[in-house]
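Coordinate inspection notes
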Amino acid sequence: MNDVLIRTPLTELTGVRHPIVQTGMGWVAGPRLVSAAADAGALGILASATMSADRLRSAVREVKSRTDAPFGVNLRADAGDAAERVRIIVDEGVKVASFALAPSRELIARLKDAGVVVIPSVGARRHAEKVAAWGADAVVVQGGEGGGHTGSVATSVLLPQVADAVDIPVIAAGGFRDGRGLVAALAFGAAGIAMGTRFLLTSDSPVPDAVKARYLAAAVQDVTVTTKVDGLPHRMLRTELVDALERSGRAASLLRAVRHAAAFRRESGMSWARMLRDGRTMKHGKELSWSQVLLAANTPMLLKASMVEGRTDLGVMAAGQVAGLIDDLPSCAELVDRVMAEAHATLHALSGT
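Small disclaimer: the values here were computed from a predicted structure and weren't measured. (Residues numbered from 1 in each chain as written. Predicted model: local features only at pLDDT ≥ 70, side-chain atom pairs only at ≥ 80, totals over all residues. Heavy atoms only, no water.)

Helix and strand counts for the protein come out as 16 helices and 11 strands. Out of the 353 residues in the protein, the part that is buried amounts to 55%. At a minimum sequence separation of 6, the contacts of the protein that also span at least 24 residues come to 61%. About 14600 Å² of surface is accessible on the protein, with carbon and sulfur atoms providing 52% of the total. (Helix = DSSP H or I, 4+ residues; strand = E, 2+ residues; numbered from the N terminus. Buried < 20%, exposed > 50% of the residue type's maximum accessible area, 1.4 Å probe, protein only. Contact = heavy atoms within 4.5 Å. Areas by Shrake-Rupley, 256 points an atom, 1.4 Å probe, with all protein chains shown as cover.)

For the rest of this paragraph, the subject is helix α8 (residues 179–187). Gly179, Gly181, Leu182, Val183 and Ala185 are the residues of α8 that are buried. Remark: Gly189 follows α8 within two positions and exhibits a positive phi of approximately 110 degrees.

Looking now at the pattern of salt bridges. Within this structure, the stated rule accounts for 18 salt bridges. We note a salt bridge from Arg177 to Asp178, for which the minimum N-O separation is 3.8 Å. You can call Arg177 partly exposed: its relative accessible area is 25%. For the salt bridge of Arg214 with Glu240, the shortest nitrogen-to-oxygen distance reads 3.8 Å. Taken together, the residues span a long stretch of sequence, with Arg214 in helix α10 (residues 209–217) and Glu240 in helix α11 (residues 240–247) at a distance of 26 residues. One connected set of salt bridges, linked through shared partners, spans Arg57, Arg61, Lys64, Asp91 and Glu92. (Salt bridge = Lys/Arg side-chain N within 4 Å of Asp/Glu carboxyl O.)

Turning our eyes to something else, we now look at the sheet that holds strand β8 (residues 170–173). If you walk around this closed barrel you meet the 8 strands as β1-β2-β3-β4-β5-β6-β8-β9, and the pairing is parallel. Ignoring strand direction, the axes of neighbouring strands in this sheet form an average angle of 25 degrees. Judged from the 3 bridges that link them, strand β1 (residues 20–22) and strand β9 (residues 192–195) form a sheet pairing that is parallel. The residue bridging Ile20 from the neighbouring strand is Ile193, located in β9. Where helix α6 (residues 125–133) meets the sheet, it contacts β5 (117–122) and β6 (139–142), and its direction lies at approximately 165 degrees from that of β5. (Pairing = 2+ DSSP bridges. Axes fitted to C-alpha atoms, helices over the stretch in contact; angles between N-to-C directions.)

In this model, helix α3 (residues 53–66) (14 residues) spans 20 Å end to end at C-alpha, consistent with the 20 Å of a helix rising 1.5 Å per residue. Looking only at α3, the buried set comprises Ala53, Leu56, Ala59, Val60 and Val63. In a view along the axis of α3, the buried residues occupy a sector of 115 degrees, so they form one face of it. Residues Asp54 and Ser65 are exposed on α3 and point more than 90 degrees away from its buried face. Turning to α3, the residues buried within the fold contact α2 (31–39), β2 (43–47), β3 (71–75) and α4 (82–92). (Expected span 1.5 Å × (residues − 1). Arc of directions from axis to C-beta.)

What follows covers the packing of α2 against α3. Direction vectors running N to C along α2 and α3 enclose 35 degrees, while the axes themselves pass 9 Å from each other. Crossing angle aside, the handedness with which α2 passes α3 is right-handed. Residues Pro31, Arg32, Val34, Ser35 and Asp39 of α2 form the contact with α3, whose participating residues are Arg55, Ala59, Glu62, Val63 and Arg66. Grouping the constituent residues of the contact of α2 with α3 by class yields 4 nonpolar, 1 polar and 5 charged. (Left-handed = near helix turned anticlockwise from the far one by under 90°. Nonpolar A, V, L, I, M, F, W, Y, C, P; charged D, E, K, R; others polar.)

Another point: the nonpolar core. What tends to happen in soluble globular proteins is that the nonpolar side chains get buried as a cluster. Ile20, Val139, Phe199, Tyr215, Met307 and Val316 are the most contacted members of the largest nonpolar core, which totals 61 residues. No other element matches the 6 residues that helix α16 (residues 332–351) contributes to this core. When sequence neighbours within four positions are dropped, the list of residues in contact with Ile20 reads Leu10, Ala42, Leu43, Ile193, Met195, Phe199, Val336, Val339 and Met340. Ala29, Ala47, Ala59 and Ile88 belong to the second largest nonpolar core, which has 26 residues in total. (Core = buried A, V, L, I, M, F, W, Y, C linked by side-chain atoms within 4.5 Å.)

Within the element layout of this structure, Thr14 appears in helix α1 (residues 9–14). Among the polar contacts listed, one links the side chain of Thr14 to the backbone oxygen of Leu10, at a separation of 2.9 Å. When near neighbours in sequence (up to four residues on either side) are disregarded, Thr14 contacts Leu43, Pro70, Lys95, Val96 and Ile119. (Polar contact = N/O pair within 3.5 Å; in protein donor to acceptor, adjacent residues only side chain to side chain.)

The 3 strands lie next to each other as β7-β11-β10, forming an open sheet whose pairing is antiparallel. Strand pairing shows two members of the sheet lacking a second neighbour, β7 (148–149) and β10 (223–226), which therefore form its edges. Bridge count between β10 and strand β11 (residues 234–237): 4 bridges; the pairing is antiparallel. Along β11, the bridge assignment pairs Thr226 with His234. Against the sheet, α11 makes contact with β10 and β11, and its axis sits at roughly 25 degrees relative to β10, the strand it touches most.

Following this line, the structure appears as structure tokens:
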């Protein structure tokens, strides 16, 4: 284990050794990856959006059985059972709650009252300002380079803008893979970095080997943004399936979405009524059309096809642009040690010592 330490407001807030976050990736960030990242000194985040509430509780307990290090759980703030999931986090003594969408003021207050650190993810300065005013303890800021749902503003522009606007720790996401990136993020005013694709491509990741091979073979230009999966900008590897989705018409897209909605309902244990309520919430929060809400059912099952079943021909592979620069599969411990050693060497080189 590397003894290089860089103390920042993020490490002080969460109790982790290093200012590195492993993001909550659906179907990927399960107990195995989260516990390995946490043991390595990073903040591992368990992805719960694709889990039932019962599965979330058992997954939290499995992580706790594997590591004594702090970790977090990622929640969907617009989920119909968000309050139940918050209760699980509080009951099980989870250190951090992260959110892909801005949680309500009431949800933040409930978590903070229970001693849970609240870290929403945002893609714009105004969203960071809002959650900071509501009491969030820190914020993850993802630039357009990031994988999955993403915006159009580059991290190098968005990060300093947000860091200048709020007084809480800012964690940089989108385009990070090594120690040089950590140093750059700190120079922009961040308290640490969050990495998804880089942790996905580790030996501790549960993603099938054939899928990892597709990522490792990708060049930067093989990572694209499409709206054909769920109606929102989504960064992923360009594959034959993605090309086919982009050629498909509206009727075919909606039919596919209905099939996937039914499959996700079975997988998650949700009722149709619950899914409809969540759809209404999503529609209100993002001002989506009902067609876009229906298309959103594509995402969980298309990701599962690749990330769990290894079917790159039937699934999509969310990816940050940084995937085109990654060519190995270290363990989480090796990755974190490497990042910290590179950061230390970079700082020394910049200072001339």
